[in-house]
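So you can see what is in the structure, the chains are spelled out below.
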Amino acid sequence: MGGVGSVRRWISCTLLIAAIFLSFDHQQACAAGAYGVCYGFIGDNLPSRAEVVQLYKSRNISAMRIYHPDPEALAALRGSGIALVLDVGGVDAIRALAGSAAAAAVWVEANVQAYYPDVLIRYVAVGNEVPAGDDAAGLILPAMRNVRAALAAAGLAGAVRVSTAVRMDVITDSFPPSRGVFSASAGRHMPPVARFLADTGAPLLANVYPYFAYRDNPRDIALAYATFQPGAAAVRDGGSGLAYTNLFAAMVDAIHAALEKAGAPGVGVVVSESGWPSAGGFAATVENARRYNQGLIDQAYRGTPKRPGVLETYVFAMFNENQKPGDPTERNFGLFYPNKQPVYPIIFPN
Ligand SMILES: *[C@@H]1O[C@H](CO)[C@@H](O)[C@H](O)[C@H]1NC(C)=O
């Protein structure tokens, strides 16, 4: 069923990438995958991996992010045609991959070669929101290099890109967007990461949450501007001359500006997480979450004022995860309840 289809899709994707390479920006390949949804497993009441893959397919969701190489999820994805962002996992995994080229080769063999192209692994994410000041931050680039070398040895360096997923706090001075620059604490490790991404044709993965910006500063940020609603006054960026009608696009363009200043103007951004909670805290309502996430999906097809076009974007998250620690909002980011019913209606374009 899926095998031939996915190979065909892979071939057409590859041709499209080749064509776009010749024009400008390969990371915009395959507009069909403009958006995806992050699939977290931190709940004791979630459907089986196979049911979840079916739910993605039945809802037109053609891309997924998972946070570690879960063998059951990878098996369920075989032949599904769903593109995948595959995280290596936490600090222990990063440390092992940074420490030895052989460990990276074993990892790539077990988690990429064993599945690709039956599972359309698009990116390997080395590290998710590792704090800039953390010891582990310094391990990210060595781990990325080892994974990239192992993929190259396996002939997969062109198909599977290696990146890392950062939090917005690697950027400082993000308003207006043209002032965006890597923060002092991220300033040591981010510019070399950016140059590695430029050299290898990979995008930077970024988790972008207007929700937290709004929650922390509702006096200066309009709810309409934070939730893609019409009627928000456009914010003009005097540095670039561009106008912004939503906070999300402004935040993403601040990352673009920081990449330029780090000497990596050709590196694109993939939004590896964004979302809005429907319950559990300030401004966390079903209506705000529906508006935000529908706006986010629609924005993925438009891109940002600085980089119009497709902005590959992953909504966080598929399910409300009842075992997530921390603030109650953390357990209410899902588009779906564990019983697979939608928390609110969303149109998933095809
Ligand atoms: C799937 O995409 C089509 C075409 O864009 C759309 O008409 C349909 O409503 C989508 N399905 C879902 C479940 O959102």
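Counting restarts for each chain: residues are numbered from 1 in the order of the written sequence. At least 70 in pLDDT is required for a residue's local features to be given in this predicted model, at least 80 for side-chain atom pairs to be given and counted, and no such filter applies to totals for whole chains, interfaces and linings, which use all residues. The side-chain quantities take in all heavy atoms of the structure and omit both hydrogens and water.

K.L.:
Would you take a moment to explain the pairing of strand S4 (residues 120–128) for this structure?
P.N.:
Successive residues of a regular strand alternate their side chains across the two faces of the sheet. Partly exposed describes any residue whose relative accessible area lies between the buried limit of under 20% and the exposed limit of over 50%, with all areas from a 1.4 Å probe on protein chains only and scaled to the type maximum. Starting at the N terminus, helices and strands are each numbered in turn, a helix being any DSSP run of H or I of at least four residues and a strand any DSSP run of E of at least two. Across the nine residues that make up S4, a large majority, eight, are buried. Between any two strands, pairing holds if DSSP finds at least two bridges. Summarising the sheet, strand S3 (residues 83–87) and S4 pair through five bridges and their orientation is parallel. Following the sheet pairing, Leu86 is matched in S4 by Val124. In this sheet, strand S5 (residues 161–167) lies alongside S4 in parallel orientation, the contact comprising four bridges. Bridging from a neighbouring strand, Val124 pairs with Val162 of S5.

K.L.:
Sorry, what's going on with the sheet that holds strand S12 (residues 313–315) here?
P.N.:
Backbone hydrogen bonds hold the strands of a sheet together, and the pairing may be parallel or antiparallel. The strand order around the closed barrel formed by eight strands is S1-S2-S3-S4-S5-S8-S11-S12, and the pairing between neighbours is parallel. Between one strand axis and the next, the sheet turns by 25 degrees as a mean value, whatever way the strands run. Judged from the two bridges that link them, strand S1 (residues 35–38) and strand S2 (residues 63–66) form a sheet pairing that is parallel. Opposite Val37, over in S2, you have Met64 as the bridge partner. Note on contacts: a residue pair is in contact if any heavy atoms of the two residues lie within 4.5 Å. All axes here are fitted lines through C-alpha atoms, helices being fitted over the stretch that makes contact, and every angle between N-to-C directions spans 0 to 180 degrees. Where helix H5 (residues 101–113) meets the sheet, its contacts fall on S3 and S4, and the angle it forms with S4 comes to roughly 135 degrees. This element, helix H7 (residues 190–200), spans S5 and strand S8 (204–207) of the sheet and lies at about 150 degrees to S5.

K.L.:
I'm lost on the pattern of salt bridges in this one. Help?
P.N.:
Pairs may arise between side chains of opposite charge once their charged atoms sit close together. A side-chain nitrogen of Lys or Arg and a carboxyl oxygen of Asp or Glu constitute a salt bridge if their distance falls within 4 Å. Under the counting rule described, the total for this entry stands at 14 salt bridges. Put simply, Glu287 and Arg291 hold a salt bridge, and the shortest N to O gap is 3.4 Å. Note that Glu287 and Arg291 are positioned in helix H11 (residues 286–300) at a spacing of four residues, about one turn of the helix. Glu287 sits in the partly exposed class, given a relative accessible area of 35%. One salt-bridge network, held together by shared partners, links Arg65, Asp87 and Glu273.

K.L.:
Please explain the packing of aromatic side chains as it appears in this structure.
P.N.:
Given two aromatic rings, their pairing is described by the distance between the two centres and the angle made by the two planes. Between 30 and 60 degrees the pair is tilted, below 30 it is stacked and above 60 it is edge-to-face, where a pair is any two Phe, Tyr or Trp rings, Trp via its six-membered ring, whose centres lie within 6.5 Å. By the definition in use, this model includes 19 aromatic pairs. When the centroid spacing of 6.3 Å and the interplanar angle of 25 degrees are considered together, the rings of Tyr35 and Phe348 count as stacked. Residue Tyr35 is located in strand S1, and its partner Phe348 is located in the segment after S12; the two are separated by 313 residues in the primary sequence. Here the two residues Tyr35 and Phe348 agree in accessibility, since each one is buried. Between the aromatic rings of Phe316 and Phe333, the centroid separation amounts to 5.9 Å while the plane-to-plane angle is 70 degrees, which identifies the pairing as edge-to-face. In this pair, Phe316 is assigned in the segment after S12 and Phe333 in the segment after S12, connecting sequence segments 17 residues apart. Classification of Phe333 as buried rests on a relative accessible area of 2%. Here the aromatic residues Tyr67, Tyr209, Tyr211, Phe212, Tyr214, Phe228, Phe248, Trp276, Phe282, Tyr292, Phe316 and Phe333 are joined through ring pairs into a cluster of three or more. Here, a charge over a ring means that NZ of Lys or CZ of Arg falls within 6 Å of the ring centre while also lying within 35 degrees of the ring normal. Over the ring of Phe41 we find Arg49, and its NZ or CZ is 4.0 Å from the ring centre.

K.L.:
Any chance you could explain H11 here in plain terms?
P.N.:
Three- or four-residue spacings in an α-helix give side chains the same orientation, since the helix completes a turn every 3.6 residues. In this model, H11 (15 residues) spans 21 Å end to end at C-alpha, consistent with the 21 Å of a helix rising 1.5 Å per residue. Buried residues along H11 sit against S1, helix H8 (210–216), helix H9 (223–226), helix H10 (247–261), strand S11 (269–274) and S12. In a helix, the anticipated span is given by 1.5 Å times the number of residues less one.

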